[in-house]
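# Topology and contacts: notes
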Amino acid sequence: MKLNNHKEINWTRYPAKAIVGIALAMVSSGLSSVAQTPAPDAKAGPEIYQTLYLTNLTQENDANQLVTDLRNMMVNAKLYYVPSQGAISLRGTAEEIALAQKIISDLDKTKKIYRLTYTMTEKDGGKTIGVQHFSIVVASGSKTDFKLGSRVPVGTNASAVGSTEVTYLDVGQEIEASLDGYLDGVRLRTKVVQSSIAEEKSSMGTQDPIIRQTTLEGTSTLVQGKPLVLGSVDVPGSTRHQEVEVVSELVR
């Protein structure tokens with residue numbers, strides 16, 4: 001007679017035991033896997049110090065934007081901008097310093113310089129009575145202000161001892177322009193102000209002038225060498241108006 005000590009278990013009769021056995025096996029396997037996984041290295045390498053000098057981004061605002069970009073790209077590195085030296089102090093790994101050098105090489109570029117020529121055509125009704133041209137030079141990403149006229153003294157806040165404080169108002173032609181490269185042209189943000197002294201006097205005081213002012217402000221896209229009419233500005237205190245036209249040219 002042959003004895004057989006092997007007993008086969010029918011799990012269908014013990015479903016709860018089957019589930020517990022499978023769960024214990026999975027937990028045991030998971031713990032073994034975690035125990036065998038090596039901890040990642042906290043640092044890719046030792047930290048070193050480097051000073052990186054900027055060549056073209058001399059404006060502090062531009063340099064600060066570059067430092068912000070570097071900090072976003074390298075969260076573990078330490079970055080400081082030194083305005084007096086036009087330099088960035090950097091402490092990080094060799095890989096981080098190499099990445100910073102690549103980013104600075106890509107972004108520290110010479111800015112394009114444009115010449116903007118504004119043409120003010122003064123008209124009375126349908127008749128042209130005068131034309132003026134104003135040219136200003138603007139770097140991409142920067143702003144240029146142009147003023148032509150007079151500074152008019154205005155008395156303010158008379159003190160107890162009888163003296164009067166004086167402030168000055170700019171009267172005449174004023175142009176503000178800032179631009180950025182855009183496709184095959186530039187995107188221009190400009191403000192044109194025309195002001196003059198009215199003949200009548202202020203009711204606040206016989207010495208206080210009344211300033212008449214008209215402003216034209218907006219954003220336009222310019223194609224190089226192609227004039228664009230920005231709008232029309234009334235000449236204060238008269239029936240005349242100025243048609244404002246602008247054209248851009250790449251200087252370098």
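To start, this report covers the structure provided alongside it. If you're wondering where the values come from, they're calculated on a predicted model, not measured in any experiment. (Residues numbered from 1 in each chain as written. Predicted model: local features only at pLDDT ≥ 70, side-chain atom pairs only at ≥ 80, totals over all residues. Heavy atoms only, no water.)

## Here we look at the sheet that holds strand β11 (residues 241-250)
Here four strands make up an open sheet; going across it, the order is β5-β4-β11-β10 and the pairing antiparallel. Strands with a single pairing partner mark the edges of an open sheet, and in this sheet they are β5 (127-139) and β10 (228-234). Sheet twist, expressed as the average angle between the axes of neighbouring strands with direction ignored, equals 20°. Bridge analysis of strand β4 (residues 113-124) against β11 gives 10 bridges, and the strand direction is antiparallel. Bridge pairing in β11 places Lys123 opposite His241. (Pairing = 2+ DSSP bridges. Helix = DSSP H or I, 4+ residues; strand = E, 2+ residues; numbered from the N terminus. Axes fitted to C-alpha atoms, helices over the stretch in contact; angles between N-to-C directions.)

## What to know about the pattern of salt bridges
One pass over the structure, following the stated rule, counts six salt bridges. Of the charged contacts, one joins Asp180 and Arg189 as a salt bridge, the two residues approaching to 2.5 Å between their closest N and O atoms. By relative accessible area, Asp180 is classed as partly exposed at 28%. The exposure class assigned to Arg189 is partly exposed, which follows from its relative accessible area of 33%. (Salt bridge = Lys/Arg side-chain N within 4 Å of Asp/Glu carboxyl O. Buried < 20%, exposed > 50% of the residue type's maximum accessible area, 1.4 Å probe, protein only.)

## Some points on the packing of aromatic side chains
The geometry of an aromatic ring pair is captured by the separation of the ring centres together with the interplanar angle, meaning the angle of the planes. Applying the stated criterion to the full structure yields one aromatic pair. A ring pair is formed by Phe134 and Phe146, whose centres lie 5.2 Å apart and whose planes are at 50°; its orientation type is tilted. In this pair, Phe134 is assigned in strand β5 and Phe146 in strand β6 (residues 143-158), connecting sequence segments 12 residues apart. (Phe/Tyr/Trp six-rings, centres within 6.5 Å; stacked < 30°, edge-to-face > 60°.)

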